Amino acid sequence: AIQFLLSGNMAGILCVLYTSLLALPLPFAPVHLLFINLITDSLPAIAIGMEPPEEGLLKEPPRNPKEGILTMSFIRDILVQGGLIAAATMWAYTTGLHEGGPGRACTMAFSTLTLARLFHGFNCRSSHSIFKIGLMSNLYSIMAFEAGVVLLAAVLFVPGLQTLFSVADLSVRQLLTIVIFAVVPTLVIQAFKTVRESMR
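Please read these numbers as outputs of a predicted model, since none were measured by experiment.

Criteria and cut-off values
- Residues numbered from 1 in each chain as written.
- Predicted model: local features only at pLDDT ≥ 70, side-chain atom pairs only at ≥ 80, totals over all residues.
- Heavy atoms only, no water.
- Helix = DSSP H or I, 4+ residues; strand = E, 2+ residues; numbered from the N terminus.
- Rg over C-alpha atoms; globule rule 2.2 N^0.38 Å.
- Buried < 20%, exposed > 50% of the residue type's maximum accessible area, 1.4 Å probe, protein only.
- Contact = heavy atoms within 4.5 Å.
- Areas by Shrake-Rupley, 256 points an atom, 1.4 Å probe, with all protein chains shown as cover.
- Lys, Arg positive; Asp, Glu negative; His and termini not counted.
- Charge placed at Lys NZ, Arg CZ, Asp CG, Glu CD.
- Axes fitted to C-alpha atoms, helices over the stretch in contact; angles between N-to-C directions.
- Parallel < 35°, antiparallel > 145°, perpendicular 65-115°, else oblique.
- Nonpolar A, V, L, I, M, F, W, Y, C, P; charged D, E, K, R; others polar.
- Core = buried A, V, L, I, M, F, W, Y, C linked by side-chain atoms within 4.5 Å.
- Polar contact = N/O pair within 3.5 Å; in protein donor to acceptor, adjacent residues only side chain to side chain.
- Salt bridge = Lys/Arg side-chain N within 4 Å of Asp/Glu carboxyl O.
- Left-handed = near helix turned anticlockwise from the far one by under 90°.

Now for the overall build of the chain. Along the chain, the regular secondary structure elements total nine helices and zero strands. Secondary structure elements in the chain, listed N-terminal to C-terminal, are α-α-α-α-α-α-α-α-α. Taken over the C-alpha trace, the chain has a radius of gyration of 18 Å; the compact-globule value for 200 residues is 16 Å, and the two agree within 12%. Considering only C-alpha atoms, the chain reaches an extent of 55 × 35 × 30 Å along its principal axes. Looking at the chain as a whole, 43% of its 200 residues are labelled buried. The long-range fraction of contacts in the chain, counting pairs at least 24 apart against all pairs at least 6 apart in sequence, stands at 79%. Total accessible area on the chain is roughly 10,900 Å²; 72% of this is exposed by carbon and sulfur atoms. Side chains of the chain give 12 positive and 11 negative charges; the mean places of these two sets differ by 5 Å.

Moving on, we get to the packing of helix α2 (residues 30-39) against helix α5 (residues 102-123). It is at 11 Å that the axes of α2 and α5 come closest, and there the two elements cross at 10°. Considering their axes alone, α2 and α5 lie roughly parallel with respect to each other. On the side of α2, the interface is formed by H32, F35 and I36, while α5 contributes C106, F110, L113, T114 and R117. Across the contact of α2 with α5, the residue classes tally to five nonpolar, two polar and one charged.

So, on to the nonpolar core. Grouped together as the largest cluster of nonpolar side chains are 35 residues, with contacts concentrated most on F110 and L115. At the level of elements, α1 (2-21), α2, α4 (72-100), α5, α6 (130-133), α7 (139-157) and α9 (172-199) are the ones that each hand at least two residues to this core. Considering every element that reaches this core, the biggest residue donor is α5, with ten residues. With near-sequence residues (within four places) excluded, F110 lies in contact with P27, F28, H32, F35, I36, L152, V155 and V167.

Within the secondary structure layout, S111 lies in helix α5. Exposure remark for S111: the relative accessible area of 1% places this residue in the buried category. A distance of 2.8 Å separates the side chain of S111 from the backbone oxygen of T107, its partner in a polar contact. Leave out the neighbours within four places in its chain, and S111 touches L152, L156 and I178.

Right, let's get into the pattern of salt bridges. Enumeration over the complete set of coordinates arrives at four salt bridges. A salt bridge links E51 to R125, with the shortest nitrogen-to-oxygen separation between them at 2.8 Å. Taken as a pair, E51 in the loop between α3 (43-49) and α4 and R125 in the loop between α5 and α6 lie far apart in primary sequence, 74 residues in all.

With that out of the way, let us pick up the packing of α4 against α5. Relative to each other, α4 and α5 sit at 155°, their axes nearing to 7 Å. With respect to α5, the element α4 is oriented roughly antiparallel. You can see that α4 and α5 cross each other, and the crossing is right-handed. In this structure, α4 uses Q81, I85, A88, T89, A92, Y93, T95, G96, L97, E99 and G100 to contact α5, whose residues at the interface are P102, R104, A105, C106, M108, A109, T112, L113, A116 and H120. Residues belonging to the contact of α4 with α5 are distributed by class as follows: twelve nonpolar, seven polar and two charged.

Listed below in structure tokens is the structure:
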């Protein structure tokens, strides 16, 4: 859960840093960040905490009690995973900037980051791939993902919420672009885990 929270927030920090260094319009409005913190920082993290114990857990050697949480491998994972999500978000942001200006770019960045972080909840369930632990082994993670998607859809399509969250109208092609960009980091992370397991 800590890895999920830190890597997801690292993605947001990298996005803001990227646009600031290039003197581009900010990718998120304050209300977008509030939505992300309330929804994607809570529901998937709680679901990860409900993950059932993995088989053979008690056969694992105990961790060093003097070792801190932020080990080098843990920091590396946070930076890599956060970097992947940030890259996908900025890809969507740039697409929106070219197709409709800052308003559409901001909407596409917000939507991509939110959806990518919802997908990322599945990555942080285990050090193993989702294929090994099973997608349906934790129904709470499925429900957290579905609830997050429904709330994001409400923000994007309900007129009153559109105004409240300052989001622009998106075409079907732009919505598909958001989904593709958002799922790419998870595909990369899961592919890496699968290859690592096969090598072991």
